Amino acid sequence: MSEINIGLVGAGTIGGGVVKILQKQGDFFRHKLGLPLRLARIADLNTKLFAGLPVGDAICSAGADDILADPTIQIVIELVGGTTFAKKLVLAALAAGKHVVTANKALLAEHGPEIFETAERNGVSVYFEASVGGGMPAIKTIREAMVANDIRSVRTIINGTCNYILTKMQNDTLPFEEALRQAQQAGFAEADPTLDVGGGDTGHKVAILASLLFGGYVTYNALPIEGITSISAEDIAYARELGYRIKLLGIIKADEGSSALDVRVHPAMLPVQHILASVSNEYNAVLLEGDAVGQILLYGKGAGEMPTASAVVSDLVDIGRNIVNKAPRRIPMDYYHHNRAITLKPLAAINSRYYLRFTVVDKPKVLALIAAVLGDNAISIASVVQREMHAQDRVPVIIITHPACEADLQHAIARIEGMDFITSKTQIIRIEE
Ligand code: HSE
């Protein structure tokens, strides 16, 4: 063998970054591996993209069939996104005995077992570092560096778009829509940005991490997922005043003595001194707690052309090393084990502190009634803020609770919302310490 041939499908933002890194670092990789990593073919429906990229002697085409049919291609990079064409492409590449590198978190989270079983059957690997955390090496860290640990808690900020929007709303008082537009322009957002702001993208990534960590397939569709669209400038201002920052978190917790895994995605208020509170803009972070190593914080750019391409190319080099050393599956995929069922803890069973923003008519007994219902449901109040609103008969009442059970909290809120002094839906944000 004189070279390792690669076929790239998808030459958009991330694909373009991959072409640039391979061109720039080509000599270095040749030296590292003893063989060149050669980008032999590139496919993209938008053939105009090729003109702006250093494609060298790669054969460029609109369709991917030539890549699948070319017996000299050993690695296929899938960067088209989505779960329809991408799934067909990945399965066909694996069936043809080609290794696959993908950044497609939706594909793995929704069809992981089929993809990894096909890879196993065909004796090839699927590498997916870029699927979680962009340039931040979360997958390699969990698969390799943390393998000695029992990891019972993972808290993540893993959607660059949401973190960018929340940062801009907080630091520059930018409206939500304008912050989203900037994130789209910078190439952070998904083709369908509702996946970002609705929490689905974080859900895909957290499902992949939980599957990797606990060795069973964590079903994305079963996860409780809330996005950031309900977070208002008012909540951001109150959070600041009370000493918190609002972040979209992906959480994985395995409670001692319980077999049920707590996996969820929702906005959370973090105390300003929390290590994750200072993660801003498109940066991502994963805070892991291992029983042997203690806390590990991964931090880096979680979205965008070059950071994500950096993760894709690291997978290419890993596969290249495996091929050169005739060890195609040097480090087991460990994505999930057949027959290991994972039970998810229902959201109703979690315990948390809560930020509650009621919008009420300013009249006698309102505060007393709210406090009574919370008390009847075993929810203890830690602090209350109510400001006089001149010339308005509606006021926000902010309550921070002590730890409470989610089921009790939801029951109490449903009762309070049935009362005639409530004028809008109550905002509930969990507080993560
Ligand atoms: N839309 C994703 C994000 C891209 O904003 O994080 C990286 O997966």
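In this text, all values refer to a predicted model and were calculated from it rather than measured experimentally.

Peer 1: Quick question: what am I supposed to make of the layout of surface pockets here?
Peer 2: Gaps left between atoms show up when a probe the size of a water molecule is rolled over them. Approximately 830 Å³ is the volume found for the largest pocket. Every residue lining the largest pocket is counted, 39 residues in all, and those nearest its centre are Ile-14, Lys-105, Ala-189, Glu-190 and Ala-191. Contributing elements (two or more residues each) for the lining of the largest pocket: helix H1 (13-33), helix H4 (105-121), helix H6 (160-171), helix H8 (194-197) and helix H9 (200-214). When its residues are assigned to classes, the lining of the largest pocket shows twelve nonpolar, 19 polar and eight charged.

Peer 1: Quick question: what am I supposed to make of the site of the ligand here?
Peer 2: The environment of the ligand is made up of Lys-105, Asn-159, Gly-160, Thr-161, Phe-188, Ala-189, Glu-190, Asp-196, Asp-201, Lys-205, Gly-302 and Ala-303. Within the contact set of the ligand, a nitrogen atom lies 2.7 Å away from a backbone nitrogen or oxygen of Phe-188. Taking Lys-205, its side chain carries an N or O atom lying 2.8 Å from an oxygen atom of the ligand. Judged by its atoms lying within 2 Å of the grid points, the ligand is housed in the largest pocket. Of the residues contributing to the shell around the ligand, the split by class is three nonpolar, four polar and five charged.

Peer 1: Just to check I follow, could you spell out the pairing of strand E15 (residues 394-401) for this structure?
Peer 2: If a strand is regular, its side chains alternate between the two faces of the sheet. Across the eight residues that make up E15, a large majority, seven, are buried. Of the pairings in the sheet, the one linking strand E13 (residues 351-361) to E15 comprises seven bridges and is antiparallel in character. Bridge pairing in E15 links Val-361 to Arg-394. With five bridges connecting them, strand E14 (residues 381-386) and E15 associate as antiparallel partners. Within E15, the position partnered with Val-384 by the bridge is Ile-399.

Peer 1: I tried to follow the pattern of salt bridges on my own but got confused; where do I start?
Peer 2: Should their charged atoms come close, side chains of opposite charge can pair. Inspection of the entire model under this criterion finds 29 salt bridges. For Asp-201, the salt bridge is made with Lys-105, and the minimal N-O distance between the two is 3.4 Å. With Asp-201 in helix H9 and Lys-105 in helix H4, this residue pair connects regions lying 96 residues apart in the sequence. Take Asp-201 and Lys-105: they sit in the same class, and that class is buried. Taken together, the salt bridges that share partners define one network made up of Glu-129, Lys-140, Asp-315, Asp-318 and Arg-321.

Peer 1: Would you explain the packing of helix H3 (residues 85-95) against H4 in this entry?
Peer 2: Between two packed helices, both the angle of their axes relative to each other and the distance between the axes serve to describe the pair. The geometry of H3 relative to H4 is characterised by a closest axis approach of 10 Å and an angle of 15° between their N-to-C directions. Classified by the angle their axes make, H3 and H4 are roughly parallel. Classified by chirality, the crossing of H4 by H3 is right-handed. Residues Ala-86, Lys-87, Val-90, Leu-91, Leu-94 and Ala-95 of H3 form the contact with H4, whose participating residues are Leu-107, His-111, Glu-114, Ile-115, Thr-118 and Ala-119. Its residues assigned to classes, the contact of H3 with H4 shows eight nonpolar, two polar and two charged.

Peer 1: I tried to follow unusual backbone geometry on my own but got confused; where do I start?
Peer 2: For residues besides glycine, phi is generally negative; the peptide bonds are generally trans as well. Although it is not a glycine, Thr-173 adopts a positive phi angle of roughly 45°. Mapped onto the secondary structure, Thr-173 falls in the loop between H6 and helix H7 (176-185). Backbone geometry places Lys-326, a non-glycine residue, at a positive phi of 55°.

Peer 1: Explanation requested: the side chain of Asn-284 in the structure shown.
Peer 2: By secondary structure assignment, the location of Asn-284 is in strand E10 (residues 283-290). Here the side chain of Asn-284 touches Glu-282 through a polar contact of 3.4 Å, landing on its backbone oxygen. The residues contacting Asn-284, other than those within four sequence positions of it, are Gly-133, Met-136, Ile-157, Ile-158, Asn-159, Gly-160, Val-279, Leu-298, Tyr-299, Gly-300 and Gly-302.

Peer 1: Help me understand the packing of H1 against helix H11 (residues 305-324) in this model?
Peer 2: For the pair H1 and H11, interaxial distance at closest approach is 8 Å and the crossing angle is 40°. Taken together, H1 and H11 sit at an angle that is classed as oblique. H1 and H11 meet at a crossing whose hand is right-handed. Contacts from Thr-13, Ile-14, Gly-16, Gly-17, Val-18, Lys-20, Ile-21, Leu-22, Phe-29, Lys-32 and Leu-33 in H1 reach Glu-305, Met-306, Thr-308, Ala-309, Ser-310, Val-312, Val-313, Leu-316, Val-317, Gly-320, Arg-321 and Val-324 in H11. Classifying every residue of the contact of H1 with H11 gives 13 nonpolar, six polar and four charged.

Peer 1: Is there a simple way to think about the packing of aromatic side chains in this case?
Peer 2: Remark: the centre distance and the inter-plane angle together describe each pair of aromatic rings, the angle taken between the planes. Enumeration over the complete set of coordinates arrives at four aromatic pairs. Look at Phe-28 and Phe-29: their rings are 5.9 Å apart centre to centre, the planes differ by 55°, and that puts the pair in the tilted class. We note Arg-143 situated over the ring of Tyr-127; from NZ or CZ to the ring centre the distance is 5.2 Å.

Peer 1: What's the story with the sheet that holds strand E4 (residues 73-78) in this structure? I'm lost.
Peer 2: In a beta sheet, neighbouring strands pair by backbone hydrogen bonds and run either parallel or antiparallel. What the six strands build is an open sheet, ordered E3-E2-E1-E4-E5-E6; its pairing is parallel. Looking at strand neighbours, the two that pair on one side only are strand E3 (59-61) and strand E6 (126-127), the edges of this open sheet. Relative to E3, strand E2 (residues 37-43) runs parallel, the two sharing three bridges. Of the residues in E3, the one forming a bridge with Ala-43 is Ser-61. The strands touched by H3 are strand E1 (4-9), E4, strand E5 (99-102) and E6; relative to E4, the strand with the most contacts, the crossing angle is about 165°.

Here is what the cut-offs are and how they apply
- Residues numbered from 1 in each chain as written.
- Predicted model: local features only at pLDDT ≥ 70, side-chain atom pairs only at ≥ 80, totals over all residues.
- Heavy atoms only, no water.
- 1 Å grid on protein atoms, 1.4 Å probe; cavity = no way out; pocket = protein on both sides within 12 Å on 5 of 7 lines; lining within 4 Å.
- Points joined across faces, edges and corners; volume = space filled by probe spheres on them.
- Helix = DSSP H or I, 4+ residues; strand = E, 2+ residues; numbered from the N terminus.
- Nonpolar A, V, L, I, M, F, W, Y, C, P; charged D, E, K, R; others polar.
- Near = heavy atom within 4 Å.
- Polar contact = N/O pair within 3.5 Å; in protein donor to acceptor, adjacent residues only side chain to side chain.
- Sits in = over half its atoms within 2 Å of the grid points.
- Buried < 20%, exposed > 50% of the residue type's maximum accessible area, 1.4 Å probe, protein only.
- Pairing = 2+ DSSP bridges.
- Salt bridge = Lys/Arg side-chain N within 4 Å of Asp/Glu carboxyl O.
- Axes fitted to C-alpha atoms, helices over the stretch in contact; angles between N-to-C directions.
- Parallel < 35°, antiparallel > 145°, perpendicular 65-115°, else oblique.
- Left-handed = near helix turned anticlockwise from the far one by under 90°.
- Contact = heavy atoms within 4.5 Å.
- Phe/Tyr/Trp six-rings, centres within 6.5 Å; stacked < 30°, edge-to-face > 60°.
- Lys NZ or Arg CZ within 6 Å of the ring centre and 35° of its normal.

All we've got here are geometric facts, nothing functional implied.
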